[in-house]
Amino acid sequence: MKAIAVCPGKAGSAHVTDVPKPAVTDVPDGHGVLVRVLRVGLDGTDKEINAGEYGTAPAGEEILITGHESLGVVEEVGPAVSEVRPGDLVVARVRRAGSSLYDVIDTPDMTTDEAYFEHGISRVHGFLREYYVEEPRYLIPVPAALRHVAVLLEPTSVAEKGILQAYDIQRRLKVWHPRRAAVLGAGTIGLLATMILRNRGLEVTTFGLEQAPYLNSELVEAIGASYVSTRQTTLAQVAARGGAFDLVFEATGYSPIVFDAMCGLLAKNGVLILSSVTGGMRRSEVPSDAINLDFVLGNKVMFGTVNASREHFEEGVRDLAITETRTLGWLSRLLTHPIPGLDRYDDALAALGEPGAIKVYVEVSPDNG
């Protein structure tokens, strides 16, 4: 069968290759689930892996099959599988369990292992292939009504995790009813975080670089949030005008903005969520005394979040369903760049940098549902 693979560490090595088709018997004790891949979403991680910046092949192999945002349909199940049936739509979790305590309790997104296992990224093949086999515990069933937008579930789970953990952390306050939230970044994760926070009833301001109107700003406003261009208005100006924010979700990929958010944008008892992966060497001069004093006297919290666990995927299904019901067509507008077939993977990588691209995805096989 066809797959897209890279030679980790080698820039521009993405290529179509033939690999053996898996079988349900590849998973022992009758627990295998054979999935036909329908769609795979791409993001900056895939581009950086192809640039040779990171990525690790499975043990004993020279190539890594890429792609971590999947949607597929169950084709066959082993005799011990009762969780899913042939014909079910499923999205696969990205992290697989390692050896730490957190892996043992099925939260591999919180692993303390130095070597972690992520489909299409680190030590486990990804989903840019025609079929894969997985254990049912790593598969999230998706309602048929979300079939056309379910490729968004994996990035939605990333935003869900950050927001759910913010609420968990804020139990320290005994009573916390956030009213105002800021989302920094109007890309895929920022838009999905805006969606989740609006579903929770918060007043949301989403910051993006570009000046409105454009598709992303229109999407923000279509679900009742406000859009602000940082080319026209600074974070400090917004906070001075309308007050600081109870929750700030950072998803820009631009690390200096974190310090702007820490100083003045976050309300007392507020929580700042960092979700960007920034692998560069950028340096910033910051008012460290003022930030330290503000956090100490204001009982503020900042934390980082990466990947997601099962509960976050399941919460993502809920939020996608709510949004599809409330604002029919909103999620479909995020799917800006469909690329037909694995053979056009180069076009998919190129589309990641195109103006107006929100979610680029490869249509791996026909969806006859």
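This text goes with the structure placed above it.
If you're wondering where the values come from, they're calculated on a predicted model, not measured in any experiment.

(A) Up close: the pattern of salt bridges. By the definition in use, this model includes 21 salt bridges. One salt bridge connects R137 with D106, and the closest N-O pair in it is separated by 3.7 Å. A residue pair is termed long-range when its members are at least 10 positions apart, and R137 in the loop between β10 (131–134) and β11 (139–142) and D106 in the loop between α2 (101–104) and β8 (117–119) qualify at 31 residues. R137 sits in the partly exposed class, given a relative accessible area of 37%. D294 serves as the salt-bridge partner of K300, at 2.6 Å between the closest nitrogen and oxygen. With a relative accessible area of 11%, K300 lands in the buried category. A residue is classified by how much of its surface remains accessible, and D294, at 26% relative accessible area, is partly exposed. Each of the salt bridges in this network shares a partner with another, and the network as a whole consists of R93, R96, D106, E134, E135 and R137.

(B) Structural detail: the packing of aromatic side chains. Tallied over the entire structure, the rule returns 3 aromatic pairs. Each ring, one from Y167 and one from W176, has its centre 5.1 Å from the other, and the planes form 65°; the classification is edge-to-face. Taking the ring centre of F245 as reference, the NZ or CZ of R180 above it sits at 4.2 Å.

(C) Structural context of the sheet that holds strand β9 (residues 123–124). The strand order across the open sheet built from 3 strands is β7-β8-β9, with neighbouring strands paired in mixed fashion. Each having just a single partner strand, β7 (95–96) and β9 make up the two edges of the open sheet.

(D) Focus on the side chain of E154. Mapping E154 onto the fold places it in helix α3 (residues 153–169). In this structure, E154 is buried with no salt-bridge partner, the nearest side chain bearing the opposite charge being K359 at 6.6 Å. If sequence neighbours within four positions are ignored, E154 has contacts with H68, E69, V94 and F313.

(E) Geometry of the nonpolar core. Formed by 50 residues in total, the largest nonpolar core has its most connected members in L153, M195, L197, L247, F249, W330 and L334. In this structure, L128, L139, I339 and V362 belong to the second largest nonpolar core, which totals 29 residues.

(F) Fine view of the sheet that holds strand β2 (residues 15–18). Taken in spatial order, the 3 strands line up as β2-β1-β4 in an open sheet, and their pairing is antiparallel. Two strands lie at the open edges of the sheet, namely β2 and β4 (64–65), each paired on one side alone. Alignment of strand β1 (residues 2–6) against β4, held across 2 bridges, turns out to be antiparallel. Residue pairing for β4: V6 is matched across the bridge by L64.

(G) The arrangement of helix α6 (residues 235–242) in detail. Here α6 has its buried residues at L235, V238 and A239. For α6, the angular spread of buried residues about the axis comes to 95°, placing them on one side. In α6, the exposed residues that point more than 90 degrees away from the buried face are A236, A240 and R241. Buried residues along α6 sit in contact with β12 (180–184), β13 (203–208), β14 (226–229), β15 (245–250) and α7 (256–265). The positive-phi residue at the C-terminal boundary of α6 is G243, with phi of around 100°.

(H) Structural view of the packing of α7 against helix α8 (residues 288–298). Axis separation between α7 and α8 bottoms out at 9 Å; the angle between their running directions is 50°. It follows from the interaxial angle that α7 and α8 lie oblique. Handedness of the α7/α8 crossing: left-handed. Two secondary-structure elements touch here, α7 through F259, M262, C263 and G264 and α8 through I291, D294 and F295. Residues of the contact of α7 with α8, tallied by class, amount to 5 nonpolar, 1 polar and 1 charged.

(I) Main features of the pairing of strand β6 (residues 89–92). Burial of β6 is two-sided: the residues L89 and V91 facing one way and the residues V90 and A92 facing the other way are all buried. As judged from the 2 bridges shared by strand β5 (residues 69–77) and β6, these two strands associate in the antiparallel manner. Bridging across to β6, G72 finds its partner in V90. Bridge count for β6 against β11 is 4 bridges, and the pairing is antiparallel. The residue bridging L89 from the neighbouring strand is V142, located in β11.

Criteria and cut-off values
Residues numbered from 1 in each chain as written. Predicted model: local features only at pLDDT ≥ 70, side-chain atom pairs only at ≥ 80, totals over all residues. Heavy atoms only, no water. Salt bridge = Lys/Arg side-chain N within 4 Å of Asp/Glu carboxyl O. Helix = DSSP H or I, 4+ residues; strand = E, 2+ residues; numbered from the N terminus. Buried < 20%, exposed > 50% of the residue type's maximum accessible area, 1.4 Å probe, protein only. Phe/Tyr/Trp six-rings, centres within 6.5 Å; stacked < 30°, edge-to-face > 60°. Lys NZ or Arg CZ within 6 Å of the ring centre and 35° of its normal. Pairing = 2+ DSSP bridges. Lys, Arg positive; Asp, Glu negative; His and termini not counted. Contact = heavy atoms within 4.5 Å. Core = buried A, V, L, I, M, F, W, Y, C linked by side-chain atoms within 4.5 Å. Arc of directions from axis to C-beta. Axes fitted to C-alpha atoms, helices over the stretch in contact; angles between N-to-C directions. Parallel < 35°, antiparallel > 145°, perpendicular 65-115°, else oblique. Left-handed = near helix turned anticlockwise from the far one by under 90°. Nonpolar A, V, L, I, M, F, W, Y, C, P; charged D, E, K, R; others polar.

The analysis is restricted to geometry; functional conclusions fall outside its scope.
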